[in-house]
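Descriptive structure summary
Listed below are the residues making up each chain.
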Amino acid sequence: MKASKTVSTRSVTTKLITTASVGALLLGMASVAQADNWRYAHEEYEGDVQDVFAYAFKEYIEENSDNTVQVYRFGELGESDDIMEQTQNGILQFVNQSPGFTGALIPEAQIFFIPYLLPTDEETVLTFFDESKAINEMFPELYAEQGLELLKMYPEGEMVITTNEPISSPEDMDNKKIRTMTNPLLSETYDAFGATPTPLPWGEVYGGLQTGILDGQENPIFWIESGGLYEVSPHLTFTGHGWFTTAMMANQDFYAGLSEEDQALVQEASQAAYDQTIEHIKGLADEALEKIQAASDEVTVTRLNEEQIQAFRERAPQVEEAFLEMTGEGGQALLDQFKADLETVTNE
């Protein structure tokens, strides 16, 4: 679904929609247990990766039980912070939110914004998420401390920077206003890269690029295509600095109150959705780039060579240092395990 011409409209109406939608949810909460109608919100549009995951989860639940799942896409219940609040309050049973937003709640989740920590090779990244102790053992404990049952953490795609003119070096980023999620470490990354990090809600990004409030932004290529961002930010740069990662979780009280049978069902559905989503993202970036290039003659694509990447990579240590300052000993332990896991999958 194209967001390009409607994003700014969504941003104006989101609060009205949110008020009405949440009111409807509250009216129905008393019957949640009896109806077994579970509510699940995510951050993306129809057909995007989180939407694929959500509907695969819904399909598995409904095919293997009498329970139903109502999926809410971006804007239907507000922005990312809204749906997280609703999940923590028990209005929603499930939520899919990226660590870019969860980082304010769980500082350690910002680890994914340390540039050049993850490799660019898709197969290696997917193996890492499957096998990582940091992902599959340490993160669930961190989420549990915030009343959240972490069910799956998964990658969506390599991050690509789009700007109003081509870039190939940190010097080209000088003073460019790059949109970031409301995430302190991501702001630190773009500050290290020489840019001016500019936090802005997703619903305002297209308009911000169109009017010059922003000079650029970063996202996986499929989201740049589905959101039409290339129309107002046509110069794409593959810097190899990271992957967009997201997490699907449940309200912990809700999950704890499920029968053993339903807990097993939720786990199985999460795994089935994960498997289907991982297959979906294979080759997705190439397909999205082809669509972008077919749709616009103004688009340029810059893939940095190793020497150019090194100029950006040299600025990464200050971001890692900032991460450790924010997270202390717990962050150090997570980072050490993260690196050990990466070393293991790289050497397999």
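All of these numbers come straight from a predicted model, not from anything done at the bench.

Looking now at the pairing of strand S5 (residues 177-180). Inspection of the sheet shows S5 paired to strand S6 (residues 196-199) by four bridges, in the parallel sense. Across the sheet, Arg179 pairs through a bridge with Thr198, a residue of S6. On the question of chirality, the crossover connecting S5 to the parallel S6 by way of helix H8 (residues 184-192) is right-handed.

Now for empty space enclosed by the protein. Applying the stated criterion across every chain yields a total of four cavities of 30 Å³ or more. By volume, the largest cavity amounts to about 80 Å³. As for the largest cavity, its lining consists of Phe112, Phe113, Ile114, Pro115, Met159, Leu186, Thr189, Glu218, His241, Gly242, Trp243 and Phe244. For the lining of the largest cavity, the secondary structure elements donating two or more residues are H8 and strand S9 (243-251). By residue class, the composition of the lining of the largest cavity is eight nonpolar, three polar and one charged. Of the pockets and cavities examined, the second largest cavity occupies roughly 60 Å³. Looking at the second largest cavity, the residues that line it are Phe101, Met159, Arg179, Thr180, Met181, Leu186, Trp202, Glu218, Asn219, Trp223 and Phe244. When contributions to the lining of the second largest cavity are tallied by element, the ones reaching two or more residues are S5 and strand S7 (216-220). When the residues that make up the lining of the second largest cavity are grouped by side-chain class, the tally is seven nonpolar, two polar and two charged.

Attention now goes to the pattern of salt bridges. Scanning the model with the defined rule gives eight salt bridges in all. The partner of Asp51 in a salt bridge is Arg73, and the shortest N-O contact between them spans 2.8 Å. Separated by 22 residues along the polypeptide, Asp51 in helix H3 (residues 49-63) and Arg73 in the loop between strand S2 (68-72) and helix H4 (80-88) bring together distant segments of the chain. The class of Asp51 is buried, set by a relative accessible area of 5%. Glu320 is the partner of Lys339 in a salt bridge, and the nearest nitrogen-oxygen pair spans 3.0 Å.

Quick look at a negative patch on the surface now. A cluster of like negative charges, contributed by Asp130, Glu131, Asp275 and Glu348, occupies part of the molecular surface. On the secondary structure map, Asp275 appears in helix H12 (residues 260-281).

The end-to-end C-alpha distance of H12 is 32 Å, a good match for the 32 Å that 22 residues give at a rise of 1.5 Å each. Within the span of H12, buried status applies to Asp262, Leu265, Val266, Ala269, Ser270, Ala273, Tyr274, Thr277, Ile278 and Ile281. Looking at the residues trailing H12, positive phi occurs at Gly283, about 80 degrees.

Attention shifts here to the environment of Arg179. As for its placement among the helices and strands, Arg179 is situated in strand S5. When its relative accessible area of 5% is taken as the criterion, Arg179 is described as buried. Sequence spacing of Arg179 and Ile161 is 18 residues, and the spatial spacing of their C-alpha atoms is 10.0 Å. Here Arg179 is in contact with Phe101, Thr198, Leu200, Pro201, Trp202, Val205, Leu214, Gly216, Gln217, Glu218 and Asn219, once residues within four sequence places are set aside. Only 2.9 Å separates the side chain of Arg179 from the backbone oxygen of Leu200, close enough to count as a polar contact.

The method is simple in principle: a probe with the dimensions of a water molecule rolls over the atoms, and the space it marks as empty is what remains. Looking at the second largest pocket, its volume works out to about 270 Å³. Lining the second largest pocket are 18 residues, with Glu122, Glu158, Trp243, Ala285 and Asp286 positioned closest to its centre. Among the elements of the structure, strand S4 (148-163), helix H10 (221-226) and helix H13 (284-295) are those that each provide at least two residues to the lining of the second largest pocket. Among the residues forming the lining of the second largest pocket, the class breakdown is 10 nonpolar, three polar and five charged.

All right, on to the side chain of Asp262 then. Along the chain, Asp262 falls in helix H12. For Asp262, the residues in contact, after removing those within four places along its chain, are Trp38 and Asn67.

Counting 105 residues, the largest nonpolar core has Phe57, Phe94, Ile111, Phe139, Tyr143 and Phe338 as its most contacted members. When residues no more than four places from it in sequence are discounted, the contact partners of Tyr143 are Pro99, Thr102, Ile106, Ala109, Leu148, Leu150, Met153, Ala247 and Met249.

Another aspect to go through is the packing of helix H6 (residues 122-131) against H12. Across the interface, H6 lies against H12 with an axial gap of 12 Å and an inter-helix angle of 170 degrees. It follows that H6 is roughly antiparallel to H12 by the angle criterion. Along the contact surface, H6 presents Glu122, Leu126, Phe129 and Asp130, while H12 presents Tyr274, Ile278 and Ile281. Residues that form the contact of H6 with H12 fall into these classes: five nonpolar, no polar and two charged.

Let's shift gears to unusual backbone geometry. The backbone phi angle of Tyr116 is positive, close to 65 degrees, even though this residue is not glycine. Residue Tyr116 is classed as buried on the basis of its relative accessible area, which comes to 15%. In this structure, Asn175 takes a positive phi of about 65 degrees despite not being glycine. Tracing the backbone shows Asn175 in the loop between S4 and S5. We classify Asn175 as exposed; its relative accessible area is 53%.

Procedures and definitions
- Residues numbered from 1 in each chain as written.
- Predicted model: local features only at pLDDT ≥ 70, side-chain atom pairs only at ≥ 80, totals over all residues.
- Heavy atoms only, no water.
- Pairing = 2+ DSSP bridges.
- Helix = DSSP H or I, 4+ residues; strand = E, 2+ residues; numbered from the N terminus.
- Right-handed = clockwise from strand over helix to strand, strands pointing away.
- 1 Å grid on protein atoms, 1.4 Å probe; cavity = no way out; pocket = protein on both sides within 12 Å on 5 of 7 lines; lining within 4 Å.
- Points joined across faces, edges and corners; volume = space filled by probe spheres on them.
- Nonpolar A, V, L, I, M, F, W, Y, C, P; charged D, E, K, R; others polar.
- Salt bridge = Lys/Arg side-chain N within 4 Å of Asp/Glu carboxyl O.
- Buried < 20%, exposed > 50% of the residue type's maximum accessible area, 1.4 Å probe, protein only.
- Patch = residues over 30% accessible without salt bridge, like charges linked within 9 Å, V, L, I, M, F, W, Y side chains within 5 Å.
- Areas by Shrake-Rupley, 256 points an atom, 1.4 Å probe, with all protein chains shown as cover.
- Lys, Arg positive; Asp, Glu negative; His and termini not counted.
- Charge placed at Lys NZ, Arg CZ, Asp CG, Glu CD.
- Expected span 1.5 Å × (residues − 1).
- Contact = heavy atoms within 4.5 Å.
- Polar contact = N/O pair within 3.5 Å; in protein donor to acceptor, adjacent residues only side chain to side chain.
- Core = buried A, V, L, I, M, F, W, Y, C linked by side-chain atoms within 4.5 Å.
- Axes fitted to C-alpha atoms, helices over the stretch in contact; angles between N-to-C directions.
- Parallel < 35°, antiparallel > 145°, perpendicular 65-115°, else oblique.

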